[in-house]
Amino acid sequence: MFKSTLLSAALVLGAAACATAHDEDALRMAPPGDPYVQVSDVLPLPAFLPGLGTLFVNPETLPAGPFLSYDHDGKLSATIYMTPLEELQNGTAYDDLAIGAHHVSSVDIYYNAGHPGVEKPHAHVVLFHDDEAKGRLAK
Amino acid sequence: MKGTARGERIWFAPRGLAVAPGSTVRFVNRDPGNSHTATAYHPEVYGRTRRIPAAAAPWDSDFLLPDESFEVTLTAPGVYDYYCIPHEMAAMVGRIVVGAPGDAGWEGPSADAEDVSPEVLAALPGVEEILANGRIEEEDRA
């Protein structure tokens with residue numbers, strides 16, 4: 001009985017791992033597909049934002065995201081979250097947010113005064129997925 | 001229209017300007033990582049309280065992507081206040097003084113303090129300051 005339970009748990013974990021790997025593969029190159037939309041297709045913003053790259057987001061997850069950031073070659077380079085400071089101060093928590101890739105080489109957090117899509121002053125939380133990602137997204 | 005590389009600060013450059021009646025003013029988005037608007041405070045544009053002369057036509061540039069521009073010709077003497085739609089919360093506003101007090105039809109600055117935030121009011125340069133200097137530049141922190 002105990003062995004059977006362990007096996008079941010292992011199978012569930014294995015299935016979860018497969019699903020995660022599959023999702024990560026799907027997001028590795030732009031476009032990531034549904035439910036993600038290219039931000040510049042739906043908002044008045046440049047297609048490539050210096051420092052942020054080409055962004056895709058599931059509109060249902062706004063404002064926090066994740067925003068998937070791709071470089072000029074369409075490679076997933078960062079996962080970005082945008083959290084309004086006022087909401088945080090008022091007690092809103094952004095928990096269990098999805099991530100574009102599980103390897104994170106460094107994280108930047110900084111203030112942004114606002115832009116179309118997330119107009120309230122907010123924090124950008126940028127998870128870079130490889131050591132060269134920041135350079136590729138710079139311009 | 002300018003901003004720092006990461007968007008920590010955005011502003012109109014200049015944020016205060018004096019021009020003669022009939023001048024054409026061009027707004028250019030020099031911010032490579034953001035879009036901006038130049039939008040007059042006026043009931044006909046998003047229902048805002050009027051902050052331009054009654055005789056003036058309101059304007060809205062719509063969103064300008066980097067290097068895009070918009071022109072408006074200002075003929076009625078008086079004080080014109082305008083804002084950037086996505087950045088009004090960050091007090092990205094500007095003021096243009098057309099002509100000077102004493103000009104026929106001159107209308108001074110709006111006295112309204114209800115439709116705009118205290119931060120916006122604080123960011124608008126004084127009319128006398130603009131007339132004395134010709135233009136008021138934001139501190140360049142890019």
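Check the entry above for the structure.
Here's what I pulled together on the structure shown here. Since we're looking at a predicted model, the values are computed, not measured.

Section: the overall build of chain B
Part 1: For chain B, the count of helices and strands is 2 helices and 9 strands.
Part 2: Counted from the first residue to the last, chain B has its helices and strands arranged as β-β-β-β-β-β-β-β-α-α-β.
Part 3: On C-alpha atoms alone, chain B measures out to a radius of gyration of 14 Å, which is about the 14 Å that the 2.2 N^0.38 rule sets for 142 residues.
Part 4: Within chain B, the fraction of its 142 residues that count as buried is 46%.
Part 5: By sequence separation, contacts in chain B at least 24 residues apart represent 70% of the contacts at least 6 residues apart.
Part 6: For chain B, the exposed surface amounts to about 6400 Å²; the carbon and sulfur share of it is 48%.
Part 7: Across chain B, the 12 positively charged side chains and the 22 negatively charged ones have centroids separated by 5 Å.

A few points about the pattern of salt bridges
Oppositely charged side chains can form a pair if their charged atoms are brought close together.
Part 1: Summed over all chains, the structure comprises 17 salt bridges over all chains.
Part 2: Across the salt bridge formed by arginine 135 of chain B and glutamate 137 of chain B, the nearest N and O atoms sit 3.0 Å from each other.
Part 3: Its relative accessible area of 43% is what places arginine 135 of chain B among the partly exposed residues.
Part 4: When salt bridges that share partners are traced, they join Asp71, Lys75, Asp130 and Arg136 of chain A into one network.

A short note on the side chain of aspartate 112 of chain B
Residue and element names in this part refer to chain B.
Part 1: Secondary-structure assignment places aspartate 112 in the loop between strand E8 (93-98) and helix H1 (118-123).
Part 2: Although buried, aspartate 112 forms no salt bridge, and the nearest oppositely charged side chain, arginine 51, lies 4.2 Å from it.
Part 3: Setting aside anything within four residues of it in sequence, one finds aspartate 112 in contact with Thr49, Arg51 and Leu121.

Side note on the interface of chain A and chain B
Part 1: Counting residues at the interface gives 17 residues for chain A and 17 residues for chain B.
Part 2: Here chain A packs against chain B, burying approximately 1300 Å² in sum over the two surfaces, 61% of which is carbon and sulfur.
Part 3: Contact with chain B buries surface across chain A, with Pro44, Ala113 and Glu119 of chain A losing the most and accounting together for 32% of the total.
Part 4: If you look at where chain A meets chain B, you find 1 salt bridge.
Part 5: Ionic pairing is found between aspartate 108 of chain A and arginine 6 of chain B, a salt bridge with its closest N-O pair at 2.8 Å.
Part 6: Taken together, the connections running from chain A to chain B amount to 6 residue pairs in polar contact (both at pLDDT 80 or more).
Part 7: No other element matches the 4 residues that strand E5 (residues 106-112) of chain A contributes to the side of chain A that touches chain B.

Quick notes on the nonpolar core
Part 1: Among the nonpolar cores identified, the biggest contains 23 residues, and Phe12, Phe27, Trp59, Leu74, Tyr80 and Ile96 of chain B are the most heavily contacted of them.
Part 2: Of all the secondary structure elements, the ones that give two or more residues to this core are strand E3 (16-19), strand E4 (23-28), strand E6 (69-74), strand E7 (78-83) and E8 of chain B.
Part 3: Ranked by size, the runner-up nonpolar core spans 16 residues in total, among them Val39, Phe67, Met82 and Ala133 of chain A.

A few points about the packing of aromatic side chains
Part 1: For the structure on display, the rule yields 8 aromatic pairs over all chains.
Part 2: Arranged with centres 4.8 Å apart and planes meeting at 75°, the rings of phenylalanine 12 of chain B and tyrosine 82 of chain B form a pair that is edge-to-face. With phenylalanine 12 of chain B in the loop between strand E2 (10-11) and E3 and tyrosine 82 of chain B in strand E7, this pair connects stretches of sequence that are 70 residues apart. Tyrosine 82 of chain B shares its class with phenylalanine 12 of chain B; the two are buried.
Part 3: In textbook terms, an aromatic cluster arises when at least three aromatic residues are bridged by ring pairs, as seen for Phe12, Phe27, Trp59, Tyr80 and Tyr82 of chain B.
Part 4: The ring of tyrosine 110 of chain A has arginine 6 of chain B sitting right over it, with the charged end atom 4.0 Å from the ring centre.
Part 5: Looking at arginine 48 of chain B, its charged tip hangs above the ring of tyrosine 83 of chain B, at a distance of 5.1 Å from the centre.

A look at the layout of surface pockets
Part 1: Within this model, the largest pocket holds a volume of roughly 420 Å³.
Part 2: Taken together, 27 residues form the lining of the largest pocket, with Pro50 and Gly51 of chain A together with Ala5, Arg6 and Gly7 of chain B sitting closest to its centre.
Part 3: In terms of residue class, the lining of the largest pocket is built from 13 nonpolar, 9 polar and 5 charged.

Observations regarding the sheet that holds strand E5 (residues 39-40) of chain B
Residue and element names in this part refer to chain B.
Part 1: Spatially, E5-E7-E8-E3-E9 is the arrangement adopted by the 5 strands of the open sheet, whose pairing is mixed. Two strands close off the open sheet at either side, each with one partner strand: E5 and strand E9 (135-136).
Part 2: The sheet contact formed by E3 and E9 spans 2 bridges and is antiparallel. Its bridge partner being in E9, leucine 17 is matched across the sheet by arginine 135.

Cut-offs used in this document
- Residues numbered from 1 in each chain as written.
- Chains lettered and ligands numbered in written order.
- Predicted model: local features only at pLDDT ≥ 70, side-chain atom pairs only at ≥ 80, totals over all residues.
- Heavy atoms only, no water.
- Helix = DSSP H or I, 4+ residues; strand = E, 2+ residues; numbered from the N terminus.
- Rg over C-alpha atoms; globule rule 2.2 N^0.38 Å.
- Buried < 20%, exposed > 50% of the residue type's maximum accessible area, 1.4 Å probe, protein only.
- Contact = heavy atoms within 4.5 Å.
- Areas by Shrake-Rupley, 256 points an atom, 1.4 Å probe, with all protein chains shown as cover.
- Lys, Arg positive; Asp, Glu negative; His and termini not counted.
- Charge placed at Lys NZ, Arg CZ, Asp CG, Glu CD.
- Salt bridge = Lys/Arg side-chain N within 4 Å of Asp/Glu carboxyl O.
- Buried area = accessible area lost by both parts, 1.4 Å probe.
- Polar contact = N/O pair within 3.5 Å; in protein donor to acceptor, adjacent residues only side chain to side chain.
- Core = buried A, V, L, I, M, F, W, Y, C linked by side-chain atoms within 4.5 Å.
- Phe/Tyr/Trp six-rings, centres within 6.5 Å; stacked < 30°, edge-to-face > 60°.
- Lys NZ or Arg CZ within 6 Å of the ring centre and 35° of its normal.
- 1 Å grid on protein atoms, 1.4 Å probe; cavity = no way out; pocket = protein on both sides within 12 Å on 5 of 7 lines; lining within 4 Å.
- Points joined across faces, edges and corners; volume = space filled by probe spheres on them.
- Nonpolar A, V, L, I, M, F, W, Y, C, P; charged D, E, K, R; others polar.
- Pairing = 2+ DSSP bridges.

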